[in-house]
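What the coordinates show
Each chain is listed here by its residues.
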2 protein chains.
Amino acid sequence: MTQYEQAIKGEITSEMIKAAIYEKCDPELIRKRIANGTAVLPKNKKHDIKMHRVVGKGFFTKVNINIGTSQGYMNIEEELKKLKISEKYGADSIMDLSTWGNLKEIRRRIIQNSNIMVGTVPVYDAASKAFQNNKKVIDFEVNDFMQMVKDHAEEGVDFMTIHAGITKTTIEKLKRTNRIAKIVSRGGSIIAGWMLKNSKENPFYEHFDEVLKICKEYDVTISLGDGLRPGSLHDATDDLQIDELLRLGELVDKCRNYGVQVMVEGPGHVPLDEIETNMIIQKKLCKNAPFYVLGPIVTDIAPGYDHITSAIGGALAASKGADFLCAVTPAEHLRLPTIEDIKEGLIATKIAAHSADIVKNKKVMEFDNQMSIARSKFDWERQFEYALDPDKAKEFYNERKAEDKKMCSMCGPLCAMKITEDYLNEGNVEKLLIE
Amino acid sequence: MTQYEQAIKGEITSEMIKAAIYEKCDPELIRKRIANGTAVLPKNKKHDIKMHRVVGKGFFTKVNINIGTSQGYMNIEEELKKLKISEKYGADSIMDLSTWGNLKEIRRRIIQNSNIMVGTVPVYDAASKAFQNNKKVIDFEVNDFMQMVKDHAEEGVDFMTIHAGITKTTIEKLKRTNRIAKIVSRGGSIIAGWMLKNSKENPFYEHFDEVLKICKEYDVTISLGDGLRPGSLHDATDDLQIDELLRLGELVDKCRNYGVQVMVEGPGHVPLDEIETNMIIQKKLCKNAPFYVLGPIVTDIAPGYDHITSAIGGALAASKGADFLCAVTPAEHLRLPTIEDIKEGLIATKIAAHSADIVKNKKVMEFDNQMSIARSKFDWERQFEYALDPDKAKEFYNERKAEDKKMCSMCGPLCAMKITEDYLNEGNVEKLLIE
């Protein structure tokens, strides 16, 4: 049985208990939310995972980071380093989005080495195999794809993105759209290309039951991919996006009826003032299924800094209901990320998640309070300890020290905390107030 | 006459015309908003400025970056490089917050070399002079401070921060506060320290008319400093902050009655869900005077990344009404920023300002649209041109190129835009829809 089926039967699993320890909550709350579909606990029965995480309403906002090879950049060791740095800086999951090399072997190494949840997009595998065999990326059969889903499930993948929301009606709308960037989802474009080339309906929509069957067997959580997510601010919240979302909402029901855990993927590129609307409409149409967003980035003009554009959108999205943030690295739109990019993208996203968690649950602010107490006591070691990135904080501090080691070189002897400490003692206050 | 007085008389000045060219608006709109106090045009009569900028309601969100020396780090050439990189990446103003060395000479060089507005905090100058003469930072007389204001005005400073909002009632509240970080504003702490040491009321509050007289003569815009701004999420929107804000609101009236341009400074450290409230209450209590915020940063736990915590808060703040964002660098809370820190902090803040301007005025999104059009056409040169930081975008792209130069190495042959372009042609669509 899947976590979902057990939750419905009222059973609290060992995975739920482990996830509850991390959340510092009653395991029964986790069971209840998994049972009503507002949370998922992605864990493949075959994956010996160490960190159990629940994704959904009322729990910490989770953070995923994408790693993986691409043509010309196939180095398993580099990808494993990306995995390890992701774990070190608090990623809750990684997605192996490799599209080049021996994907099965890369995946095996990543799953074997990962202490956190692993996600994949099986259609990339089908497309990459075709391309690496000198065919077009859309030259694969439905069976090839189903085999990939099965392989990934058997290998221990915890959640998979399935792009089943693009259908003939989507293509009809795509024909008339005034979008600037028609499709920016790799999976979405492969499916659309496949449909157009073969003059056939979306095979993953038509054969969704087969996908469900495999996912149920291994308890793979389905992440419904948004193949039509806006890839430019101009295209945000348009009819194409909402049309697909309606279909994703139907598929949520299908997953639940089948006993499979499900979450839904979302944008993308969205102006700041449309983010809340996007969160509300997704939760409404998708029956409160956990929402997993990529970004959203809030301006298109900052390539090289898209970890920042995405941290802005992600913080707001999560504070308004998104449950799972996919990190965007500074390299987005420009090149395959390096190990350093992965770290920078991840930390920016952790900042977004934590800032939003403070809104979701004020108790989370205790970390901030501890940091501020350490600051007001000039306790630098404690400040480093509470920092999201202790190494960088320490490095910055040490690079330019103040003469008086109590302070930092930003203000030196004009340190506001030091001056306040020096003069705000009871005697002084009394004297001032009497005058 | 000041810009404000001329605006009230119905006169459109040459400065307003120049500012209108940048805003692409009718100069009459600028005149009207300066006249009703919702905008300011900081320009000292003695400063031969090249970039004229209006700060306030309905105009582009402006960005300031702080530069300046501190004890042990006194290098004028480095500060001038910071100025030049700030101008290059689109800062609207710089504040010289130097606290070490020959401050008059540093200021002279900066004003002389600056094409953009220059702001200062005269009380730093008084405090630094005392300290550099082996006295305490609060060992100065009211006359010393007034002389500094006069000197700065004569030298051409366009706007000055004056901490006149802390009074005896503040100290009374400070005595009972449960704040973690009592005072984090340097100016605020110096004033409070001075008051406590001398058992006297805030001299800048008591002698505010003298400040007004000097500022009027040179048309220096007063930036009412928030000495009690929260310096920890825990302390945000508390009675101390709002008490001071009430006083700043009174001082706004005083400035306007005297014919002096005025804006108000704001937080600080603020949880995401209190930012909108902060914008509304400031605009209400300060009679819609332009709001100049430092950050706000939305979590305390990310030293080394406070340009990101601040970009999140700044974007939301500006989208809800803040007019002027003070950049925060990655070095905040750790050390005096380097040239590279200045650049990173500035670009993060430019991202915040632009993301918010899209909300304030949809026309601004044309930049984003042009970038997205260039992306969908694989026109890399145009993408670099529209990037906030063309150099970094180009560098990233070139570091790991794709085999097919049309694409980038992120997706390689699985480029969604390329696949969509390949298959979404009329014939294919017709064929699919007929099937």
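Every value quoted in this text rests on a predicted model; they were computed, and no experiment measured them. (Residues numbered from 1 in each chain as written. Chains lettered and ligands numbered in written order. Predicted model: local features only at pLDDT ≥ 70, side-chain atom pairs only at ≥ 80, totals over all residues. Heavy atoms only, no water.)

1. Describing the UniProt feature "binding site: [4Fe-4S] cluster" (unreviewed entry) in chain A
Put simply, the test is: UniProt positions are given in the numbering used here, feature names are shortened, and annotations may be inferred rather than shown by experiment. The secondary structure listing takes helices from DSSP runs of H or I that are at least 4 residues long and strands from runs of E that are at least 2 residues long, numbered from the N terminus. Here's how the labels work: a residue is buried when its accessible area is under 20% of the maximum for its type, exposed when over 50%, partly exposed in between, all with a 1.4 Å probe on protein chains only. Should any heavy atoms of two residues lie within 4.5 Å, those residues are counted as being in contact.
Following the UniProt record, the feature "binding site: [4Fe-4S] cluster" (unreviewed entry) maps to Cys 408, Cys 411 and Cys 415 of chain A here. Relative to the helices and strands, Cys 408 of chain A resides in the loop between α18 (390–399) and α19 (416–423). Exposure remark for Cys 411 of chain A: the relative accessible area of 18% places this residue in the buried category. The residues touching Cys 411 of chain A, leaving out its near neighbours within four places in the chain, are Thr 99 and Arg 186 of chain B.

2. Details of the environment of Ile 49 of chain A
All names here are of chain A. Inspection of the secondary structure assignment puts Ile 49 in the loop between β1 (39–40) and β2 (55–56). Given a relative accessible area of 6%, Ile 49 falls into the buried group. In the structure, Ile 49 is positioned 186 residues away from Asp 235 in sequence and 38 Å away in space, judged by C-alpha atoms. Every residue in contact with Ile 49, bar those within four places of it in the chain, is listed here: Pro 42, Lys 43, Asn 115, Ile 116, Met 117 and Asp 158.

3. Here we look at the packing of helix α12 (residues 239–258) of chain A against helix α13 (residues 275–285) of chain A
Residue and element names in this part refer to chain A. Stated formally: Only the stretch in contact is used when a helix axis is fitted, and all axes are lines through C-alpha atoms; the angle between N-to-C directions ranges over 0 to 180 degrees. We call Asp, Glu, Lys and Arg charged. Ala, Val, Leu, Ile, Met, Phe, Trp, Tyr, Cys and Pro are nonpolar, and the rest, Gly among them, are polar.
For the pair α12 and α13, interaxial distance at closest approach is 8 Å and the crossing angle is 35 degrees. Residue-level inspection shows Gln 241, Ile 242, Leu 245, Leu 246 and Gly 249 of α12 in contact with α13, the latter providing Asn 278, Ile 281, Gln 282 and Leu 285. Among the residues making up the contact of α12 with α13, the classes are represented as five nonpolar, four polar and no charged.

4. Quick word on the interface of chain B and chain A
What counts, and what does not: Defined here as a combined quantity, buried area equals the accessible surface (1.4 Å probe) lost by two parts on assembly, summed across both. By convention in these notes, a salt bridge is any Lys or Arg side-chain nitrogen within 4 Å of a carboxyl oxygen on Asp or Glu.
Between chain B and chain A, the contact holds 125 residues from the first and 125 residues from the second. Between chain B and chain A, roughly 10800 Å² of surface is buried when both sides are summed, and carbon and sulfur atoms account for 68% of that area. Ranking the residues of chain B by area buried against chain A places Ile 301, Tyr 305 and Arg 400 of chain B at the top, with a combined share of 8%. One can count nine salt bridges joining chain B with chain A. Here Lys 175 of chain B makes a salt bridge to Glu 430 of chain A, at a shortest N to O gap of 2.7 Å. Counting residues per element, the side of chain B that touches chain A draws most heavily on helix α15 (residues 339–360) of chain B, which supplies twelve residues. Partitioning the side of chain B that touches chain A into residue classes produces 66 nonpolar, 28 polar and 31 charged.

5. So, helix α6 (residues 122–132) of chain B
All names here are of chain B. Burial of α6 is extensive: eight of the eleven residues sit out of reach of the surface. Taken residue by residue, α6 has Pro 122, Val 123, Tyr 124, Asp 125, Ala 126, Ala 127, Ser 128 and Ala 130 as its buried positions. The secondary structure elements touched by the buried residues of α6 are α5 (103–113), β5 (117–120), α7 (142–155), β6 (159–162), α9 (186–198) and α10 (203–206).

6. Structural notes on the pairing of strand β9 (residues 291–294) of chain B
Residues and elements named next belong to chain B. The line we're drawing: Two strands form a pair only when DSSP identifies at least two bridges running between them. For a crossover, the right-handed case is the one in which the path from the first strand over the helix to the second runs clockwise, viewed with the strands pointing away from the viewer.
Bridging between strand β8 (residues 262–266) and β9 involves three bridges; their strand directions are parallel. Bridge pairing in β9 places Glu 265 opposite Tyr 292. In this fold, the crossover linking β8 to β9 by way of helix α13 (residues 275–285) has right-handed handedness. Of the strand pairs in this sheet, β9 and strand β10 (residues 324–326) are connected by three bridges, and their pairing is parallel. Residue pairing across strands places Leu 294 opposite Cys 326, the latter belonging to β10.

7. Concerning the relation of the copies chain B and chain A
Applied cut-off: Overlaid copies result from least-squares superposition on C-alpha atoms, with residues included only where pLDDT is at least 70 in both.
Once turned by 180 degrees and shifted 0.0 Å along the axis, chain B lies on chain A with an RMSD of 0.0 Å. The transformation just described matches what one would write down for a two-fold rotation axis. Identified as the residue of chain B closest to the rotation axis by C-alpha distance is Ile 312 of chain B, at 2.2 Å. Looking at chain B, 100% of its interface residues are interface residues in chain A too, so the copies touch through the same face.

8. Let's talk about the sheet that holds strand β3 (residues 62–67) of chain A
All names here are of chain A. Here eight strands make up a closed barrel; going around it, the order is β3-β4-β5-β6-β7-β8-β9-β10 and the pairing parallel. For this sheet, the mean inter-axis angle between neighbouring strands, taken without regard to orientation, is 25 degrees. As paired strands, strand β4 (residues 93–96) and strand β5 (residues 117–120) are joined by three bridges and run parallel to one another. Each residue of the ladder has a partner; that of Ile 94, found in β5, is Val 118.

9. So, the packing of aromatic side chains
Here is the rule: Pairing of aromatic rings covers Phe, Tyr and Trp, the last counted by its six-membered ring, and requires centre-to-centre distances within 6.5 Å; plane angles under 30 degrees mean stacked, over 60 mean edge-to-face, and any other angle means tilted. For a Lys NZ or an Arg CZ to count as sitting over a ring, it must be within 6 Å of the ring centre and within 35 degrees of the ring normal.
Counting across every chain of the model gives 18 aromatic pairs over all chains. Cation over ring: Arg 33 of chain A sits above Phe 59 of chain A, and NZ or CZ is 5.7 Å from the ring centre.

10. Some words on the nonpolar core
Quick reminder of the rule: The criterion is simple. A nonpolar core is a set of buried Ala, Val, Leu, Ile, Met, Phe, Trp, Tyr and Cys residues joined through side-chain atoms within 4.5 Å.
Grouped together as the largest cluster of nonpolar side chains are 221 residues, with contacts concentrated most on Ile 162 and Ile 222 of chain A together with Ile 162 and Ile 222 of chain B. Sequence-distant contacts of Ile 222 of chain B, that is, excluding residues within four places in its chain, are made with Met 160, Ile 162, Phe 208, Val 211, Leu 212, Cys 215, Cys 255, Val 260, Gln 261, Val 262 and Met 263 of chain B.

11. Brief notes about the domain arrangement of chain A
All names here are of chain A. Stated precisely, the cut-off is as follows: Domain borders in the structure are assigned automatically or taken from a domain database.
Domain boundaries in chain A define domain 1 (61–360) and domain 2 (364–434). Taken over C-alpha atoms, the centre of domain 1 sits 42 Å from the centre of domain 2. Contact with domain 1, which involves ten residues of that partner, is made by eight residues of domain 2. In this assembly, domain 1 packs against domain 2 so that about 720 Å² is buried in total across both faces, 63% of it on carbon and sulfur atoms. Three residues stand out in domain 1 for area buried against domain 2, namely Tyr 89, His 354 and Ile 358, and they jointly supply 51% of the buried area on that side. At the boundary of domain 1 with domain 2, the tally comes to three salt bridges.

12. Observations concerning helix α3 (residues 27–35) of chain A
Residue and element names in this part refer to chain A. Taken together, the buried positions of α3 are Ile 30, Arg 31, Arg 33 and Ile 34. Buried positions along α3 lie against α1 (3–8), α2 (14–23) and β1. The positive-phi residue at the C-terminal boundary of α3 is Gly 37, with phi of around 80 degrees.

13. Here we look at the pattern of salt bridges
Per the stated rule, a full pass over the model turns up 65 salt bridges over all chains. Of the charged contacts, one joins Glu 426 of chain B and Lys 175 of chain A as a salt bridge, the two residues approaching to 4.0 Å between their closest N and O atoms. With Glu 426 of chain B in helix α20 (residues 426–434) and Lys 175 of chain A in helix α8 (residues 168–176), this residue pair bridges two chains. By relative accessible area, which is 47% here, Glu 426 of chain B ends up partly exposed.

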